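Observations on the three-dimensional arrangement
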Amino acid sequence: MTQSVLSAIYARRSIREFSDGAVAMPDLLEIVRAGTWAPSGLNNQPWRFVIVTDDVMRGKISETTHYRHIVLAARALIAVYLDTEAMYDAVKDHQAAGACLQNMLLAAEALGLGAVWLGQILKNKEKVNAIFALSARYDLMAVLAIGYPLHRNQKSSRKELDEFILKTFPQEATDVFQK
Ligand SMILES: Cc1cc2nc3c(=O)[nH]c(=O)nc-3n(C[C@H](O)[C@H](O)[C@H](O)COP(=O)(O)O)c2cc1C
């Protein structure tokens, strides 16, 4: 169990090129379910979702982002919202949305799908709400573009661990990072 979670964390990449294979609704619902099992403050579960597999709707959404080509290539979208009426603390509710989104990315990976978190689209979040006929009560957090990966050649990198760790107590614990 532990190993499979770690494997998914390290194997997951942002997927931006997709094959033509349609994504089944049960898989999309599984991704949403995984999102809803993220932790949230007071377990208030402030997330809401819009699932899109319809080509016409996907075309409309594609017009709202610089990453139009990714939206058009993906066979499914899941827009993740915060319900402002379910929120109790802005920071904690946004943190919960992030946890939800990461769960969803890992679930997509586990299902053999690929996904990318689209944040640039937030520039046009009012337009996205208008397309979905949603009121401002729902605050867009991100759109996940989902599909079967065209390939698995994506590379990514991270800085060295010691660049992130400010301190450890006891200090000797970081000796392992000394070069
Ligand atoms: C808040 C946030 C916003 C992002 N927005 C975009 C985006 O608009 N377009 C995109 O192609 N990738 C977007 N990404 C994906 C990042 O570019 C990607 O996670 C990062 O480059 C690391 O690559 P990896 O996910 O393959 O490890 C976003 C990721 C996060 C967490």
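Everything here concerns the structure above.
The structure reproduced in this document is the subject of the present report. (Residues numbered from 1 in each chain as written. Predicted model: local features only at pLDDT ≥ 70, side-chain atom pairs only at ≥ 80, totals over all residues.)

**So, the overall build of the protein**
Secondary structure summary: the protein contains six helices and four strands in total. Moving toward the C terminus, one meets the helices and strands of the protein in the order α-α-β-α-α-β-α-β-α-β. Principal-axis analysis of the C-alpha atoms places the extent of the protein at approximately 60 × 40 × 30 Å. In the protein, which comprises 179 residues, the share counted as buried stands at 28%. (Helix = DSSP H or I, 4+ residues; strand = E, 2+ residues; numbered from the N terminus. Buried ≥ 20, exposed ≤ 12 C-beta atoms within 10 Å, placed from the backbone.)

**Considering the site of the ligand**
In the neighbourhood of the ligand, the contacting residues comprise Arg13, Ser14, Arg16, Tyr67, Val116, Trp117, Leu118, Gly119, Gln120, Gln154 and Ser156. Of the residues in the shell around the ligand, the class split is four nonpolar, five polar and two charged. (Near = placed C-beta within 6 Å. Nonpolar A, V, L, I, M, F, W, Y, C, P; charged D, E, K, R; others polar.)

**Topic: the nonpolar core**
In this structure, Leu77, Ile78, Val80, Leu144, Ala145 and Ile146 are the most contacted members of the largest nonpolar core, which totals 40 residues. Only helix H2 (25-36), strand E1 (47-52), helix H4 (68-73), strand E2 (76-83), helix H5 (90-110), strand E3 (114-118) and strand E4 (138-147) provide two or more residues apiece to this core. The element that contributes the greatest number of residues to this core is H5, accounting for eight residues. Look past the residues within four positions of Leu144 in its chain and what remains in contact with it is Leu77, Ile78, Val80, Met104, Ala115 and Trp117. (Core = buried A, V, L, I, M, F, W, Y, C linked by C-beta atoms within 7 Å. Contact = placed C-beta atoms within 7 Å.)

**Re the pairing of E2**
Across the eight residues that make up E2, a large majority, seven, are buried. Bridge count for E1 against E2 is six bridges, and the pairing is antiparallel. Looking at the pairing, Phe49 lines up with Val80 of E2. The sheet contact formed by E2 and E4 spans eight bridges and is antiparallel. Across the sheet, Asp83 pairs through a bridge with Tyr138, a residue of E4. (Pairing = 2+ DSSP bridges.)

**What about the sheet that holds E2?**
Spatially, the four strands line up as an open sheet ordered E1-E2-E4-E3, and their pairing is antiparallel. Among the strands making up the open sheet, the edge pair consists of E1 and E3. Neighbour-to-neighbour, the strand axes of the sheet open up by a mean angle of 25°, direction not taken into account. Where helix H6 (residues 125-132) meets the sheet, it contacts E1, E2 and E4, and its direction lies at approximately 80° from that of E4. (Axes fitted to C-alpha atoms, helices over the stretch in contact; angles between N-to-C directions.)

**Some points on unusual backbone geometry**
For the peptide bond that leads from Phe169 to Pro170, omega is 5°, which places it in the cis range. One can find Pro170 in the segment after E4. The phi dihedral of Asn43 falls on the positive side, at around 50°, and the residue is not glycine. Along the chain, Asn43 turns up in the loop between H2 and E1. Given 7 C-beta atoms within 10 Å, Asn43 falls into the exposed group. The phi angle at Gln45 is positive, at roughly 50°, despite the residue not being glycine. With respect to the element layout, Gln45 can be found in the loop between H2 and E1.

**Thoughts on H2**
For H2, which comprises 12 residues, the first-to-last C-alpha distance of 16 Å matches the rise-based estimate of 16 Å (1.5 Å per residue) to within 8%. Within the span of H2, buried status applies to Leu28, Ile31, Val32 and Gly35. For H2, the buried positions fall inside an angular range of 95° around the axis, keeping them on one side. Relative to its buried face, H2 has exposed residues pointing more than 90 degrees away, namely Pro26 and Arg33. Looking at the packing, one finds that the buried side of H2 touches E1, E2 and H5. (Expected span 1.5 Å × (residues − 1). Arc of directions from axis to C-beta.)

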